[in-house]
Amino acid sequence: MTSVGPAAGAKLDLQVPLLIIGAGAAGLCAALAANEAGIEPLVIERDKVPSGSTALSAGLIPAAGTRFQRAKKIEDSAELFAADIQRKAHGEADSAVVAAVAQGSAATVEWLADRYGLPFDVIDNFNYPGHSAMRMHGLPTRSGQELIDRLRSATEASGISIVTERVADRLLTDADGAIRGVEIVAGDGGREQIGCGALILACNGYGGNPDLVRRYIPEMANALYFGHPGNRGDAVLWGGALGAQLKDLGAYQGHGSVATPHNILISWATIMQGGFQVNRDGVRFCDESEGYSEQAAEVLRQPDGVAWTVFDARIADIARQFEDYRAAERAGAILNADSVQSLAAASGSTGTCIAAAWGEVEALKARDGRDNFGRQFAAAQLFSPLYHAVKVTGALFHTQGGLAIDSACRVKRDNGSIFPNLLAAGGAAVGVSGATASGYLSGNGLLTATVLGRLAGQTVAGLQRDF
Ligand SMILES: Cc1cc2nc3c(=O)[nH]c(=O)nc-3n(C[C@H](O)[C@H](O)[C@H](O)COP(=O)(O)OP(=O)(O)OC[C@H]3O[C@@H](n4cnc5c(N)ncnc54)[C@H](O)[C@@H]3O)c2cc1C
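Residues numbered from 1 in each chain as written. Predicted model: local features only at pLDDT ≥ 70, side-chain atom pairs only at ≥ 80, totals over all residues. Heavy atoms only, no water.

Engineer: Describe the packing of helix α5 (residues 95-114) against helix α15 (residues 444-462), listing the residues and the values that go with them.
Structural biologist: As a packed pair, α5 and α15 sit with axes 8 Å apart at the nearest point and diverge in direction by 85 degrees. Our classification of the angle between α5 and α15 gives roughly perpendicular. On the side of α5, the interface is formed by Val97, Ala100, Val101, Gly104, Ser105, Ala107, Thr108, Trp111 and Leu112, while α15 contributes Leu447, Thr448, Thr450, Val451, Leu452, Arg454 and Leu455. Along the lines of polarity and charge, the residues of the contact of α5 with α15 split into ten nonpolar, five polar and one charged. (Axes fitted to C-alpha atoms, helices over the stretch in contact; angles between N-to-C directions. Helix = DSSP H or I, 4+ residues; strand = E, 2+ residues; numbered from the N terminus. Parallel < 35°, antiparallel > 145°, perpendicular 65-115°, else oblique. Contact = heavy atoms within 4.5 Å. Nonpolar A, V, L, I, M, F, W, Y, C, P; charged D, E, K, R; others polar.)

In structure tokens form, the structure reads like this:
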């Protein structure tokens, strides 16, 4: 059972300067940054091979003012990015943390590219909802598996130890509230106590803990959880026991376009380039372009909890840059047809209903019109054959609530003071999405994992402690 307890008198099996729990993007970026500053980290990971939600993601990191953007003449700035984050978050995100991630984003992506050889480029053939500039940086496969594999290679090449198949179970504390170490459990049940000068929690949120999801996010209690099952909310549970400040526990990243029953993510490019969704009965139900996160609950509210995403050949070409989309094609999830009637027939909807929604959308596009939900359409996005549809459902990707931190990733107590040597990054910390699913700006997940991970590692190097 995850717990916290005094370390007084405990005999430690090992003492390290810095312990990091979790080997996802946040943990590995923290390890790389601390290591560069001369602090030797030890990373504890429950899985045999690091993967986390990072491996399940599309691996896209938003960053403003990068050389990748400049090469494509994309104008952007940290200020514009920060304003986009806050606009989507309804002004509810901590402005100091928002400024830190927006200002640190370009340096972090360039750091990963230039120092560790991650071959990023910026997506310039479609944009995500709420971003006023093209700023999503991805690796060639556009997959998180490539991101985590490259981060792990960089970590190993730097000589950093990742101890796998070990679960951090109990935080050991001093009388002054500082973290003294962590008790970890091996696969055979054996326990070890490892002392540390500082601790970074990089073990993501509580999407993999159905009890916590039921308590904090009831609307997603029965939804497909599409994130890493090993993210069981340990940071939040430890934080609660330590008297840490917990924020925005009802916030999450959902996604309204996971192919069902195949369980493969279908890129939101399908919507942003002019596609639309209808429910089982062929009826549109909202402005899909608001964002994929809030769309999860919208789709789940429809009959059978499913929708059809409808798009065309031009959009499919754009979506094909994603390994996930290609996998969906291989799995037979994407229907192809040369007329709207045959598409509707293949999708099982009545031809009349889907054709009606189709006709309305295409008529709106033809006159650059806006629909009753407020969605703006563009003539440049009129459909042409082939036509495609994919049956999708809404899913919970990861939770956004977590430990409140300052702009240097140091965890705050309930009373606002700072723990002397406890830090959090990525999904373990509260995100920059405010209190609801609709506050999630695309990329907030890996933004706070990579930028805050790096920052947490740098902060540890600056702590005035005897390591
Ligand atoms: C399908 C999908 C697509 C996504 N696409 C994107 C995207 O393109 N862009 C974006 O910005 N975000 C995306 N996200 C969100 C993004 O993946 C996460 O926000 C990000 O990966 C979080 O990184 P992390 O390092 O905090 O957590 P993780 O990558 O989940 O790593 C946490 C690690 O901690 C380990 N762990 C947990 N508890 C313990 C413990 N007690 N002891 C030891 N180890 C422990 C876990 O095993 C795990 O390896 C997506 C998410 C999903 C599910």
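Engineer: Explain the site of the ligand to me, and be specific about the residues and the numbers.
Structural biologist: Within the structure, the ligand sits among 41 residues, and Glu45, Ser53, Thr54, Asp234 and Leu446 are positioned closest to it. Here histidine 228 contributes a side-chain N or O atom positioned 3.2 Å from an oxygen atom of the ligand. Classifying every residue of the shell around the ligand gives 18 nonpolar, 18 polar and five charged. (Near = heavy atom within 4 Å. Polar contact = N/O pair within 3.5 Å; in protein donor to acceptor, adjacent residues only side chain to side chain.)

Engineer: Residues and numbers for the pairing of strand β21 (residues 418-424), please.
Structural biologist: The buried fraction of β21 amounts to five of the seven residues, a majority that puts the element mostly inside the structure. For strand β20 (residues 410-412) and β21, the ladder comprises two bridges, and the chain directions are antiparallel. Bridge pairing links lysine 412 to isoleucine 418 in β21. Taken together, β20 and the strand that follows it, β21, pair antiparallel across an intervening segment of five residues, in which glycine 416 is found at a positive phi of about 95 degrees. (Buried < 20%, exposed > 50% of the residue type's maximum accessible area, 1.4 Å probe, protein only. Pairing = 2+ DSSP bridges.)

Engineer: Outline the sheet that holds strand β4 (residues 61-62), listing residues and values.
Structural biologist: One open sheet holds the three strands; their spatial order is β4-β6-β5, and the pairing between them is antiparallel. A strand with exactly one partner marks an edge of an open sheet, and here the two such strands are β4 and β5 (121-122). The pairing of β4 with strand β6 (residues 136-138) spans two bridges and is antiparallel. Note that in β6 the partner of proline 62 across the bridge is methionine 136.

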